[in-house]
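# Working through the structure, step by step
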Amino acid sequence: MNVLYPRLLVEDFETSTRFWEAALRDLLGIAPVKILPEDGYAKWAVGDEALLVVFTRSAITEVIGTAGLPSPAAAQDAAMLALPVQDVEAACAVLVRHGATVLAPARDRPEWGAGLRTGHLRAPDGTLIELQSYAESRPS
């Protein structure tokens, strides 16, 4: 049973899928299990558990009846994907290579948890990403 099934609703399916395909491959060694450009749908999974789905915003607005409403205006983020990694700096470099923008470079965050290091980026589709590692999970 999938406990969490995150879906990113995106405007530009091709750009988003290209970014996430490269980023998840290079960071976690995960390939998409399904990419359906004609349906605006792409899915990555680990075993039977969905890791991430990219879905076109227009497809879901048709389903729920909000197609006539304006897209959200620029505002503070309402959601973020947090990805655990071994090396925050190296993971940031991978995501930047694939088109992400660094918002807050890697730094230790003792106020958030002993040994926590984070970096924050924005994916080309606008998704806020937090890369995180704990001292005990980093290579010596």
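Residues numbered from 1 in each chain as written. Predicted model: local features only at pLDDT ≥ 70, side-chain atom pairs only at ≥ 80, totals over all residues. Heavy atoms only, no water.

### Considering the nonpolar core
Grouped together as the largest cluster of nonpolar side chains are 27 residues, with contacts concentrated most on Phe19, Trp20, Trp44, Leu95, Ile129 and Leu131. Among the secondary structure elements, those contributing two or more residues to this core are strand E1 (7–10), helix H1 (13–28), strand E3 (41–46), strand E4 (49–56), strand E5 (80–84), helix H3 (88–97) and strand E8 (128–134). With 6 residues, H1 is the largest single contributor of residues to this core. (Core = buried A, V, L, I, M, F, W, Y, C linked by side-chain atoms within 4.5 Å. Buried < 20%, exposed > 50% of the residue type's maximum accessible area, 1.4 Å probe, protein only. Helix = DSSP H or I, 4+ residues; strand = E, 2+ residues; numbered from the N terminus.)

### Topic: the sheet that holds E5
Strand pairing in a sheet is mediated by backbone hydrogen bonds. Such pairs are either parallel or antiparallel. The mixed open sheet is built from 4 strands, whose spatial order is E5-E8-E7-E6. Edge positions in the sheet fall to E5 and strand E6 (101–108), since each has one partner strand and no second. The mean inter-strand angle of the sheet, taken between neighbouring strand axes irrespective of direction, is 15 degrees. Its contacts with the sheet place H3 against E6, strand E7 (116–122) and E8, and it is angled at close to 10 degrees to E7. (Pairing = 2+ DSSP bridges. Axes fitted to C-alpha atoms, helices over the stretch in contact; angles between N-to-C directions. Contact = heavy atoms within 4.5 Å.)

### Points about the environment of Leu69
Mapped onto the elements of the fold, Leu69 is located in the loop between helix H2 (57–64) and E5. Between the C-alpha atom of Leu69 and that of Pro84, which follows or precedes it by 15 residues, the distance is 36 Å.

### Details of the packing of aromatic side chains
Here the distance between the centres and the angle between the planes together describe a pair of aromatic rings. Applying the stated rule across the entire model yields 2 aromatic pairs. Each ring, one from Phe19 and one from Trp20, has its centre 5.0 Å from the other, and the planes form 80 degrees; the classification is edge-to-face. Looking at Phe19, the relative accessible area reads 3%, which means it is buried. A relative accessible area of 1% places Trp20 in the buried class. (Phe/Tyr/Trp six-rings, centres within 6.5 Å; stacked < 30°, edge-to-face > 60°.)

### Topic: the pattern of salt bridges
Scanning the model with the defined rule gives 9 salt bridges in all. Here Arg25 makes a salt bridge to Asp26, at a shortest N to O gap of 2.9 Å. For Arg25, a relative accessible area of 46% corresponds to the partly exposed category. The closest approach of N and O atoms between Asp26 and Arg97, which form a salt bridge, is 3.0 Å. Of this pair, Asp26 sits in helix H1 while Arg97 sits in helix H3; the two residues are 71 residues apart in sequence, bridging distant segments of the chain. (Salt bridge = Lys/Arg side-chain N within 4 Å of Asp/Glu carboxyl O.)

### Thoughts on H3
Along H3, the residues classified as buried are Val88, Ala91, Cys92, Val94 and Leu95. In a view along the axis of H3, the buried residues occupy a sector of 160 degrees, so they form one face of it. On the buried face of H3, the contacting elements are H1, E6, E7 and E8. Where H3 begins, the capping side chain belongs to Asp87, and its oxygen is found 3.1 Å from the backbone nitrogen of Glu89. (Arc of directions from axis to C-beta. Polar contact = N/O pair within 3.5 Å; in protein donor to acceptor, adjacent residues only side chain to side chain.)

### Digging into the side chain of Thr17
Mapped onto the elements, Thr17 comes out in helix H1. The exposure class of Thr17 is buried, given its relative accessible area of 5%. With near-sequence residues (within four places) excluded, Thr17 lies in contact with Ile35, Ala42, Trp44 and Val54.

### Some remarks on H1
In a regular helix each residue adds 1.5 Å, so 16 residues correspond to 22 Å; H1 covers 21 Å between its end C-alpha atoms and thus fits that length. Taken residue by residue, H1 has Phe13, Ser16, Thr17, Phe19, Trp20, Ala22, Ala23, Leu24 and Leu27 as its buried positions. (Expected span 1.5 Å × (residues − 1).)

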